[in-house]
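# A structural walkthrough
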Amino acid sequence: MTEKRENYKSALKVQEGIEQPSSLNADYINKMKAARQPVLSLDEFVSGIRAGNRTILSKAITLIESSLNEHHKLAQEIIEKCLPFAGNSIRIGITGVPGVGKSTFIEALGKHITNIGHKLAVLAIDPSSERSKGSILGDKTRMEELAVDPNAFIRPSPSAGSLGGVARKTREIIILCEAAGFNTIFVETVGVGQSETAVHSMVDFFLLLMLSNAGDELQGIKRGIMEMADAIAINKADGDNIEKAKLAMAQYKNALHLFPPTDSGWIPQVATCSAYTRDGIAGLWDIIMEYVAYTKANSYFSLKRQDQSKNIMLETINDFLKDNFYSNKTIKSLIPLVQEEVLSDKISSYMAAQKLLEAYYKIINK
Ligand code: GDP
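What you see is a predicted model, and the numbers here were worked out from it, not measured in a lab.

## Side note on the site of the ligand
- Taken together, 15 residues surround the ligand, and among them Lys-102, Thr-104, Asp-238, Ala-275 and Tyr-276 come closest.
- Between the ligand and Gly-101 there is a distance of 3.0 Å, counted from an oxygen atom to a backbone nitrogen or oxygen.
- Protein contacts shield 77% of the accessible area of the ligand, which totals 580 Å² for the unbound molecule.
- Each residue belonging to the shell around the ligand can be placed in one class, and the counts come to 5 nonpolar, 6 polar and 4 charged.

## Some details on the pattern of salt bridges
- On inspection of all chains with the given rule, the structure shows 11 salt bridges.
- Lys-310 serves as the salt-bridge partner of Asp-307, at 3.3 Å between the closest nitrogen and oxygen. Within this pair, Asp-307 and its partner Lys-310 are both found in helix H13 (residues 300–326), separated by 3 residues, close to a single helical turn.
- Judged by its relative accessible area of 39%, Asp-307 falls in the partly exposed class.

## Comments concerning the packing of aromatic side chains
- Evaluated as defined, the whole model comprises 7 aromatic pairs.
- Plain terms: the ring middles of Phe-325 and Tyr-360 are 5.1 Å apart, the flat faces sit at 70° to each other, and that makes the pair edge-to-face. Of this pair, Phe-325 sits in helix H13 while Tyr-360 sits in helix H15 (residues 349–365), and the two are 35 residues apart along the sequence.
- Following the ring pairs from residue to residue traces out a cluster consisting of Phe-205, Trp-266, Tyr-291 and Tyr-294.
- The ring centre of Phe-182 lies 4.7 Å from the NZ or CZ of Lys-119, which sits over that ring.
- Over the face of the ring belonging to Phe-301 we find Lys-296, whose NZ or CZ atom lies 4.8 Å from the ring centre.

## What about the nonpolar core?
- Counting residues in each nonpolar core, the largest one holds 52 residues, and the members touching the most others are Ile-49, Leu-57, Ile-78, Leu-176, Cys-177, Met-226 and Ile-232.
- In terms of residues, this core owes the most to one element, helix H7 (residues 163–179), which gives 8 residues.
- A domain split of this core shows at least three residues from each of domain 1 (37–79) and domain 2 (86–299).
- Judged by nonpolar contacts, the second largest core, of 36 residues, contains Ile-94, Ile-106, Val-122 and Ala-275.

## Observations regarding the side chain of Asp-238
- Secondary-structure assignment places Asp-238 in the loop between strand E6 (231–234) and helix H11 (242–257).
- Lys-236 is the oppositely charged side chain nearest to the buried, salt-bridge-free Asp-238, at an N-O distance of 8.3 Å.

## Observations concerning the sheet that holds E6
- Within the open sheet, the 7 strands sit side by side as E3-E2-E4-E1-E5-E6-E7. Their pairing is parallel. Two strands close off the open sheet at either side, each with one partner strand: strand E3 (152–154) and strand E7 (269–272). Along the sheet, successive strands turn relative to each other by an average axial angle of 20°, direction set aside.
- Relative to strand E4 (residues 184–190), strand E2 (residues 120–125) runs parallel, the two sharing 6 bridges. In the strand pairing of E4, Leu-123 is matched with Val-187.
- Of the strands in this sheet, strand E1 (90–96), E2, E3, E4 and strand E5 (205–210) touch helix H5 (residues 102–115), which is tilted by about 175° from E4.

Definitions and limits used
Residues numbered from 1 in each chain as written. Predicted model: local features only at pLDDT ≥ 70, side-chain atom pairs only at ≥ 80, totals over all residues. Heavy atoms only, no water. Near = heavy atom within 4 Å. Polar contact = N/O pair within 3.5 Å; in protein donor to acceptor, adjacent residues only side chain to side chain. Areas by Shrake-Rupley, 256 points an atom, 1.4 Å probe, with all protein chains shown as cover. Nonpolar A, V, L, I, M, F, W, Y, C, P; charged D, E, K, R; others polar. Salt bridge = Lys/Arg side-chain N within 4 Å of Asp/Glu carboxyl O. Helix = DSSP H or I, 4+ residues; strand = E, 2+ residues; numbered from the N terminus. Buried < 20%, exposed > 50% of the residue type's maximum accessible area, 1.4 Å probe, protein only. Phe/Tyr/Trp six-rings, centres within 6.5 Å; stacked < 30°, edge-to-face > 60°. Lys NZ or Arg CZ within 6 Å of the ring centre and 35° of its normal. Core = buried A, V, L, I, M, F, W, Y, C linked by side-chain atoms within 4.5 Å. Domains from an automatic or database assignment. Lys, Arg positive; Asp, Glu negative; His and termini not counted. Pairing = 2+ DSSP bridges. Axes fitted to C-alpha atoms, helices over the stretch in contact; angles between N-to-C directions. Contact = heavy atoms within 4.5 Å.

Written as C-alpha coordinates, this is what we have:
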(Lines give C-alpha, C1' and ligand atoms only; values in the text may rest on other atoms or scores of the structure.)
Protein backbone atom coordinates (compact mmCIF):
# COMPACT_ATOMS: atom_id res chain seq x y z
CA MET A 1 0.00 0.00 0.00
CA THR A 2 1.20 3.49 -0.71
CA GLU A 3 2.08 5.55 2.30
CA LYS A 4 0.45 8.83 3.16
CA ARG A 5 3.20 11.37 3.07
CA GLU A 6 1.43 14.52 4.23
CA ASN A 7 4.52 16.08 5.76
CA TYR A 8 6.67 15.55 2.76
CA LYS A 9 7.24 18.87 1.14
CA SER A 10 7.61 18.34 -2.48
CA ALA A 11 5.91 19.21 -5.70
CA LEU A 12 5.63 15.54 -6.34
CA LYS A 13 2.83 14.54 -4.07
CA VAL A 14 2.03 10.90 -3.66
CA GLN A 15 -1.70 10.47 -3.90
CA GLU A 16 -3.43 8.08 -1.58
CA GLY A 17 -4.76 5.52 -3.93
CA ILE A 18 -6.68 2.33 -3.70
CA GLU A 19 -4.91 -0.71 -2.39
CA GLN A 20 -3.23 -2.66 -5.13
CA PRO A 21 -3.54 -6.43 -5.32
CA SER A 22 -0.38 -8.34 -4.62
CA SER A 23 1.44 -9.40 -7.74
CA LEU A 24 0.81 -13.08 -7.10
CA ASN A 25 -2.72 -14.24 -6.94
CA ALA A 26 -3.83 -15.89 -3.69
CA ASP A 27 -5.36 -18.94 -5.37
CA TYR A 28 -2.09 -19.65 -7.07
CA ILE A 29 -0.16 -19.31 -3.82
CA ASN A 30 -2.55 -21.68 -2.04
CA LYS A 31 -2.24 -24.22 -4.83
CA MET A 32 1.53 -24.07 -4.65
CA LYS A 33 1.38 -24.51 -0.87
CA ALA A 34 -0.91 -27.54 -1.26
CA ALA A 35 1.39 -29.07 -3.85
CA ARG A 36 4.35 -28.66 -1.52
CA GLN A 37 2.51 -30.17 1.42
CA PRO A 38 3.78 -33.64 2.25
CA VAL A 39 1.49 -36.52 1.38
CA LEU A 40 -0.47 -37.59 4.42
CA SER A 41 0.80 -40.53 6.38
CA LEU A 42 -1.11 -43.79 6.51
CA ASP A 43 -2.38 -43.01 10.00
CA GLU A 44 -3.47 -39.52 8.98
CA PHE A 45 -5.40 -40.96 6.08
CA VAL A 46 -7.11 -43.58 8.20
CA SER A 47 -7.99 -41.29 11.10
CA GLY A 48 -9.17 -38.60 8.66
CA ILE A 49 -11.42 -41.04 6.87
CA ARG A 50 -12.73 -42.44 10.15
CA ALA A 51 -13.53 -38.90 11.27
CA GLY A 52 -15.57 -38.41 8.09
CA ASN A 53 -13.19 -35.79 6.66
CA ARG A 54 -14.30 -35.48 3.04
CA THR A 55 -11.11 -33.86 1.80
CA ILE A 56 -9.06 -36.74 3.13
CA LEU A 57 -11.59 -39.27 1.83
CA SER A 58 -11.35 -37.67 -1.62
CA LYS A 59 -7.56 -37.75 -1.49
CA ALA A 60 -7.60 -41.44 -0.57
CA ILE A 61 -9.98 -42.15 -3.45
CA THR A 62 -7.61 -40.34 -5.77
CA LEU A 63 -4.88 -42.71 -4.59
CA ILE A 64 -7.09 -45.67 -5.43
CA GLU A 65 -7.66 -44.25 -8.89
CA SER A 66 -4.02 -43.44 -9.48
CA SER A 67 -1.93 -45.63 -11.72
CA LEU A 68 1.29 -44.90 -9.81
CA ASN A 69 2.68 -47.90 -7.95
CA GLU A 70 3.48 -45.97 -4.77
CA HIS A 71 -0.08 -44.59 -4.67
CA HIS A 72 -1.48 -48.03 -5.24
CA LYS A 73 0.56 -49.43 -2.36
CA LEU A 74 -0.51 -46.71 0.06
CA ALA A 75 -4.13 -47.05 -1.09
CA GLN A 76 -4.06 -50.78 -0.33
CA GLU A 77 -2.71 -50.09 3.15
CA ILE A 78 -5.45 -47.54 3.79
CA ILE A 79 -8.11 -49.97 2.59
CA GLU A 80 -6.72 -52.72 4.79
CA LYS A 81 -6.94 -50.45 7.84
CA CYS A 82 -10.42 -49.24 6.94
CA LEU A 83 -11.81 -52.70 6.31
CA PRO A 84 -12.71 -53.43 9.95
CA PHE A 85 -14.90 -50.30 9.93
CA ALA A 86 -16.55 -51.00 6.58
CA GLY A 87 -19.55 -53.07 5.60
CA ASN A 88 -22.10 -51.29 7.70
CA SER A 89 -24.20 -49.91 4.89
CA ILE A 90 -26.82 -50.72 2.32
CA ARG A 91 -25.30 -50.84 -1.14
CA ILE A 92 -27.73 -50.10 -3.93
CA GLY A 93 -27.06 -50.41 -7.65
CA ILE A 94 -29.09 -48.16 -9.94
CA THR A 95 -29.20 -48.68 -13.68
CA GLY A 96 -31.25 -47.73 -16.71
CA VAL A 97 -30.72 -46.52 -20.26
CA PRO A 98 -29.45 -42.96 -20.79
CA GLY A 99 -32.33 -40.53 -20.45
CA VAL A 100 -34.44 -42.72 -18.18
CA GLY A 101 -33.79 -40.21 -15.40
CA LYS A 102 -31.05 -41.80 -13.29
CA SER A 103 -29.47 -38.56 -12.13
CA THR A 104 -32.82 -36.93 -11.39
CA PHE A 105 -33.95 -40.07 -9.59
CA ILE A 106 -30.77 -40.32 -7.52
CA GLU A 107 -31.24 -36.71 -6.52
CA ALA A 108 -34.86 -37.41 -5.49
CA LEU A 109 -34.21 -40.67 -3.62
CA GLY A 110 -30.97 -39.28 -2.23
CA LYS A 111 -32.69 -36.22 -0.77
CA HIS A 112 -35.43 -38.41 0.64
CA ILE A 113 -32.98 -40.51 2.57
CA THR A 114 -30.63 -37.75 3.71
CA ASN A 115 -33.73 -35.97 5.02
CA ILE A 116 -34.48 -38.98 7.18
CA GLY A 117 -30.94 -39.04 8.55
CA HIS A 118 -28.96 -41.27 6.22
CA LYS A 119 -25.47 -40.49 5.04
CA LEU A 120 -25.23 -41.19 1.35
CA ALA A 121 -22.29 -41.76 -0.98
CA VAL A 122 -23.06 -41.77 -4.70
CA LEU A 123 -20.55 -43.53 -6.93
CA ALA A 124 -20.67 -44.55 -10.55
CA ILE A 125 -19.29 -47.15 -12.87
CA ASP A 126 -18.78 -45.79 -16.32
CA PRO A 127 -15.97 -47.66 -17.98
CA SER A 128 -16.49 -46.03 -21.37
CA SER A 129 -13.74 -43.49 -21.79
CA GLU A 130 -15.82 -41.23 -24.00
CA ARG A 131 -18.01 -39.24 -21.69
CA SER A 132 -20.23 -37.81 -24.35
CA LYS A 133 -23.26 -40.02 -24.64
CA GLY A 134 -25.33 -39.89 -21.49
CA SER A 135 -22.24 -40.01 -19.34
CA ILE A 136 -23.03 -40.47 -15.73
CA LEU A 137 -22.22 -38.26 -12.82
CA GLY A 138 -19.87 -36.42 -15.10
CA ASP A 139 -21.97 -33.39 -14.57
CA LYS A 140 -22.65 -32.83 -10.91
CA THR A 141 -25.03 -29.99 -11.67
CA ARG A 142 -27.57 -32.63 -12.55
CA MET A 143 -27.69 -33.33 -8.82
CA GLU A 144 -27.80 -29.77 -7.60
CA GLU A 145 -29.38 -30.45 -4.23
CA LEU A 146 -27.30 -33.50 -3.36
CA ALA A 147 -24.09 -31.81 -4.46
CA VAL A 148 -24.47 -29.31 -1.62
CA ASP A 149 -26.03 -31.68 0.90
CA PRO A 150 -23.70 -32.14 3.88
CA ASN A 151 -25.00 -35.69 4.26
CA ALA A 152 -24.16 -36.68 0.69
CA PHE A 153 -20.89 -37.35 -1.06
CA ILE A 154 -20.80 -37.62 -4.84
CA ARG A 155 -17.85 -39.07 -6.66
CA PRO A 156 -17.80 -39.62 -10.43
CA SER A 157 -16.60 -42.87 -11.94
CA PRO A 158 -12.89 -43.61 -11.98
CA SER A 159 -12.11 -42.48 -15.50
CA ALA A 160 -11.29 -44.91 -18.30
CA GLY A 161 -9.79 -48.30 -17.78
CA SER A 162 -10.92 -51.86 -18.16
CA LEU A 163 -14.27 -52.71 -16.63
CA GLY A 164 -12.55 -55.12 -14.25
CA GLY A 165 -10.19 -52.41 -13.07
CA VAL A 166 -12.93 -49.81 -12.67
CA ALA A 167 -15.10 -52.29 -10.79
CA ARG A 168 -12.30 -53.21 -8.41
CA LYS A 169 -11.58 -49.57 -7.70
CA THR A 170 -15.26 -48.87 -7.07
CA ARG A 171 -15.42 -51.73 -4.55
CA GLU A 172 -12.43 -50.26 -2.78
CA ILE A 173 -14.01 -46.80 -2.80
CA ILE A 174 -17.13 -48.31 -1.20
CA ILE A 175 -14.98 -49.60 1.67
CA LEU A 176 -13.51 -46.15 2.30
CA CYS A 177 -16.91 -44.45 2.12
CA GLU A 178 -18.34 -46.91 4.62
CA ALA A 179 -15.39 -46.41 6.96
CA ALA A 180 -16.07 -42.66 6.66
CA GLY A 181 -19.57 -43.25 8.02
CA PHE A 182 -21.69 -43.33 4.86
CA ASN A 183 -24.40 -45.86 5.61
CA THR A 184 -26.01 -45.88 2.19
CA ILE A 185 -24.11 -46.30 -1.06
CA PHE A 186 -25.57 -45.77 -4.51
CA VAL A 187 -23.64 -47.12 -7.47
CA GLU A 188 -24.98 -45.78 -10.73
CA THR A 189 -24.34 -47.31 -14.12
CA VAL A 190 -25.71 -46.99 -17.63
CA GLY A 191 -27.92 -49.93 -18.48
CA VAL A 192 -26.57 -50.66 -21.89
CA GLY A 193 -23.56 -52.89 -21.50
CA GLN A 194 -21.55 -55.14 -19.25
CA SER A 195 -21.21 -52.72 -16.39
CA GLU A 196 -24.52 -53.77 -14.79
CA THR A 197 -23.09 -57.20 -14.06
CA ALA A 198 -20.12 -55.54 -12.40
CA VAL A 199 -22.39 -53.32 -10.32
CA HIS A 200 -24.64 -56.24 -9.45
CA SER A 201 -21.58 -58.06 -8.11
CA MET A 202 -20.93 -55.33 -5.54
CA VAL A 203 -24.36 -54.27 -4.28
CA ASP A 204 -27.04 -55.68 -1.98
CA PHE A 205 -29.97 -54.37 -3.97
CA PHE A 206 -30.24 -53.77 -7.69
CA LEU A 207 -32.75 -51.26 -9.01
CA LEU A 208 -33.64 -51.00 -12.66
CA LEU A 209 -35.20 -47.78 -13.90
CA MET A 210 -37.52 -48.05 -16.89
CA LEU A 211 -39.83 -45.86 -18.92
CA SER A 212 -43.46 -46.50 -19.63
CA ASN A 213 -43.06 -47.41 -23.30
CA ALA A 214 -42.61 -50.97 -22.13
CA GLY A 215 -42.36 -52.65 -25.50
CA ASP A 216 -39.39 -50.64 -26.65
CA GLU A 217 -37.75 -50.75 -23.29
CA LEU A 218 -37.96 -54.51 -22.98
CA GLN A 219 -35.96 -54.69 -26.17
CA GLY A 220 -33.43 -52.08 -25.10
CA ILE A 221 -32.73 -53.72 -21.79
CA LYS A 222 -31.34 -57.21 -21.98
CA ARG A 223 -33.32 -59.94 -20.30
CA GLY A 224 -30.29 -60.71 -18.15
CA ILE A 225 -30.42 -57.25 -16.64
CA MET A 226 -34.11 -57.61 -15.82
CA GLU A 227 -33.33 -60.91 -14.13
CA MET A 228 -30.82 -59.19 -11.87
CA ALA A 229 -33.31 -56.55 -10.72
CA ASP A 230 -34.68 -56.67 -7.17
CA ALA A 231 -37.07 -53.90 -8.16
CA ILE A 232 -38.09 -52.15 -11.34
CA ALA A 233 -39.18 -48.53 -11.09
CA ILE A 234 -41.10 -47.03 -13.98
CA ASN A 235 -39.90 -43.46 -13.85
CA LYS A 236 -41.53 -40.31 -15.25
CA ALA A 237 -44.95 -41.39 -13.96
CA ASP A 238 -46.25 -37.83 -14.00
CA GLY A 239 -48.63 -35.66 -16.04
CA ASP A 240 -50.08 -37.48 -19.03
CA ASN A 241 -47.76 -40.35 -18.41
CA ILE A 242 -49.35 -41.71 -15.23
CA GLU A 243 -51.77 -44.12 -16.91
CA LYS A 244 -49.13 -45.40 -19.31
CA ALA A 245 -46.77 -45.95 -16.41
CA LYS A 246 -49.40 -47.97 -14.56
CA LEU A 247 -49.94 -50.11 -17.65
CA ALA A 248 -46.20 -50.63 -17.99
CA MET A 249 -46.07 -51.64 -14.34
CA ALA A 250 -48.61 -54.39 -14.99
CA GLN A 251 -46.67 -55.55 -18.05
CA TYR A 252 -43.41 -55.74 -16.15
CA LYS A 253 -45.06 -57.58 -13.30
CA ASN A 254 -46.23 -60.18 -15.80
CA ALA A 255 -42.83 -60.36 -17.44
CA LEU A 256 -41.14 -60.92 -14.08
CA HIS A 257 -43.49 -63.82 -13.29
CA LEU A 258 -41.93 -65.72 -16.17
CA PHE A 259 -38.48 -65.51 -14.67
CA PRO A 260 -37.11 -68.26 -12.41
CA PRO A 261 -37.40 -67.60 -8.66
CA THR A 262 -34.55 -65.58 -7.18
CA ASP A 263 -31.89 -67.14 -4.91
CA SER A 264 -32.96 -64.86 -2.09
CA GLY A 265 -36.60 -65.89 -2.21
CA TRP A 266 -37.47 -62.21 -2.66
CA ILE A 267 -40.10 -61.46 -5.29
CA PRO A 268 -38.85 -58.55 -7.41
CA GLN A 269 -41.18 -55.58 -7.04
CA VAL A 270 -42.41 -53.19 -9.70
CA ALA A 271 -43.44 -49.64 -8.85
CA THR A 272 -44.03 -46.35 -10.59
CA CYS A 273 -42.41 -43.09 -9.57
CA SER A 274 -41.62 -39.61 -10.71
CA ALA A 275 -38.22 -38.20 -10.01
CA TYR A 276 -39.78 -34.82 -10.89
CA THR A 277 -42.82 -34.70 -8.63
CA ARG A 278 -41.12 -37.17 -6.27
CA ASP A 279 -44.30 -39.27 -6.14
CA GLY A 280 -43.48 -42.88 -5.37
CA ILE A 281 -39.93 -42.10 -4.28
CA ALA A 282 -40.60 -42.77 -0.58
CA GLY A 283 -42.43 -45.97 -1.58
CA LEU A 284 -39.35 -47.20 -3.41
CA TRP A 285 -37.22 -46.63 -0.36
CA ASP A 286 -39.74 -48.68 1.62
CA ILE A 287 -39.33 -51.50 -0.90
CA ILE A 288 -35.56 -51.39 -0.43
CA MET A 289 -36.00 -51.46 3.35
CA GLU A 290 -38.36 -54.43 3.04
CA TYR A 291 -35.80 -56.24 0.94
CA VAL A 292 -33.07 -55.59 3.48
CA ALA A 293 -35.27 -56.81 6.34
CA TYR A 294 -36.32 -59.88 4.35
CA THR A 295 -32.82 -60.90 3.28
CA LYS A 296 -31.31 -60.20 6.68
CA ALA A 297 -33.96 -62.42 8.26
CA ASN A 298 -33.20 -65.33 5.94
CA SER A 299 -29.42 -64.68 6.04
CA TYR A 300 -29.22 -64.11 2.30
CA PHE A 301 -27.90 -60.58 2.88
CA SER A 302 -24.67 -61.77 4.49
CA LEU A 303 -24.38 -64.88 2.30
CA LYS A 304 -24.48 -62.68 -0.79
CA ARG A 305 -21.80 -60.39 0.59
CA GLN A 306 -19.61 -63.37 1.44
CA ASP A 307 -20.11 -64.71 -2.05
CA GLN A 308 -19.20 -61.33 -3.50
CA SER A 309 -16.02 -61.15 -1.41
CA LYS A 310 -15.01 -64.63 -2.55
CA ASN A 311 -15.64 -63.70 -6.18
CA ILE A 312 -13.67 -60.49 -5.84
CA MET A 313 -10.73 -62.48 -4.54
CA LEU A 314 -10.90 -64.93 -7.44
CA GLU A 315 -11.38 -62.14 -9.96
CA THR A 316 -8.40 -60.28 -8.56
CA ILE A 317 -6.27 -63.40 -8.96
CA ASN A 318 -7.49 -63.77 -12.55
CA ASP A 319 -6.73 -60.15 -13.31
CA PHE A 320 -3.25 -60.29 -11.85
CA LEU A 321 -2.36 -63.57 -13.55
CA LYS A 322 -3.52 -62.18 -16.86
CA ASP A 323 -1.68 -58.90 -16.38
CA ASN A 324 1.44 -60.72 -15.36
CA PHE A 325 1.30 -62.96 -18.41
CA TYR A 326 0.55 -60.27 -20.98
CA SER A 327 2.96 -57.73 -19.57
CA ASN A 328 5.87 -60.17 -19.58
CA LYS A 329 8.47 -58.97 -22.09
CA THR A 330 9.31 -62.39 -23.52
CA ILE A 331 5.65 -63.30 -23.89
CA LYS A 332 4.96 -59.97 -25.51
CA SER A 333 7.57 -60.65 -28.17
CA LEU A 334 6.51 -64.28 -28.61
CA ILE A 335 2.80 -63.61 -29.14
CA PRO A 336 3.08 -62.13 -32.65
CA LEU A 337 5.42 -64.93 -33.76
CA VAL A 338 3.16 -67.71 -32.48
CA GLN A 339 0.16 -65.87 -33.83
CA GLU A 340 1.78 -65.91 -37.25
CA GLU A 341 2.13 -69.70 -37.02
CA VAL A 342 -1.57 -69.96 -36.27
CA LEU A 343 -2.54 -67.69 -39.14
CA SER A 344 -0.43 -69.68 -41.58
CA ASP A 345 -1.98 -72.93 -40.29
CA LYS A 346 1.32 -74.26 -38.98
CA ILE A 347 -0.12 -75.00 -35.56
CA SER A 348 -3.59 -75.02 -34.08
CA SER A 349 -4.82 -72.21 -31.85
CA TYR A 350 -4.85 -74.65 -28.94
CA MET A 351 -1.24 -75.71 -29.49
CA ALA A 352 -0.22 -72.08 -29.89
CA ALA A 353 -1.77 -71.22 -26.54
CA GLN A 354 0.01 -74.20 -24.95
CA LYS A 355 3.29 -73.09 -26.42
CA LEU A 356 2.95 -69.59 -24.98
CA LEU A 357 1.83 -70.88 -21.59
CA GLU A 358 4.77 -73.29 -21.45
CA ALA A 359 7.15 -70.47 -22.27
CA TYR A 360 5.54 -68.46 -19.44
CA TYR A 361 5.81 -71.29 -16.90
CA LYS A 362 9.48 -71.65 -17.77
CA ILE A 363 10.06 -67.95 -17.14
CA ILE A 364 8.29 -67.87 -13.80
CA ASN A 365 9.84 -71.11 -12.56
CA LYS A 366 13.36 -69.98 -13.34
P1 GDP B 1 -30.05 -40.11 -17.05
O2 GDP B 1 -29.39 -39.95 -18.37
O3 GDP B 1 -30.65 -41.47 -16.92
O4 GDP B 1 -29.17 -39.74 -15.88
O5 GDP B 1 -31.31 -39.11 -17.03
P6 GDP B 1 -31.48 -37.64 -16.43
O7 GDP B 1 -31.69 -37.68 -14.98
O8 GDP B 1 -30.41 -36.77 -16.96
O9 GDP B 1 -32.88 -37.25 -17.09
C10 GDP B 1 -33.10 -37.25 -18.48
C11 GDP B 1 -34.23 -36.32 -18.81
O12 GDP B 1 -35.44 -36.81 -18.25
C13 GDP B 1 -34.02 -34.94 -18.24
O14 GDP B 1 -34.50 -34.00 -19.16
C15 GDP B 1 -34.87 -34.94 -16.99
O16 GDP B 1 -35.31 -33.66 -16.65
C17 GDP B 1 -36.03 -35.84 -17.40
N18 GDP B 1 -36.64 -36.52 -16.25
C19 GDP B 1 -35.99 -37.20 -15.29
N20 GDP B 1 -36.86 -37.71 -14.39
C21 GDP B 1 -38.10 -37.33 -14.80
C22 GDP B 1 -39.42 -37.54 -14.28
O23 GDP B 1 -39.65 -38.18 -13.26
N24 GDP B 1 -40.45 -37.01 -15.00
C25 GDP B 1 -40.25 -36.33 -16.14
N26 GDP B 1 -41.32 -35.85 -16.78
N27 GDP B 1 -39.03 -36.10 -16.66
C28 GDP B 1 -37.96 -36.58 -15.99
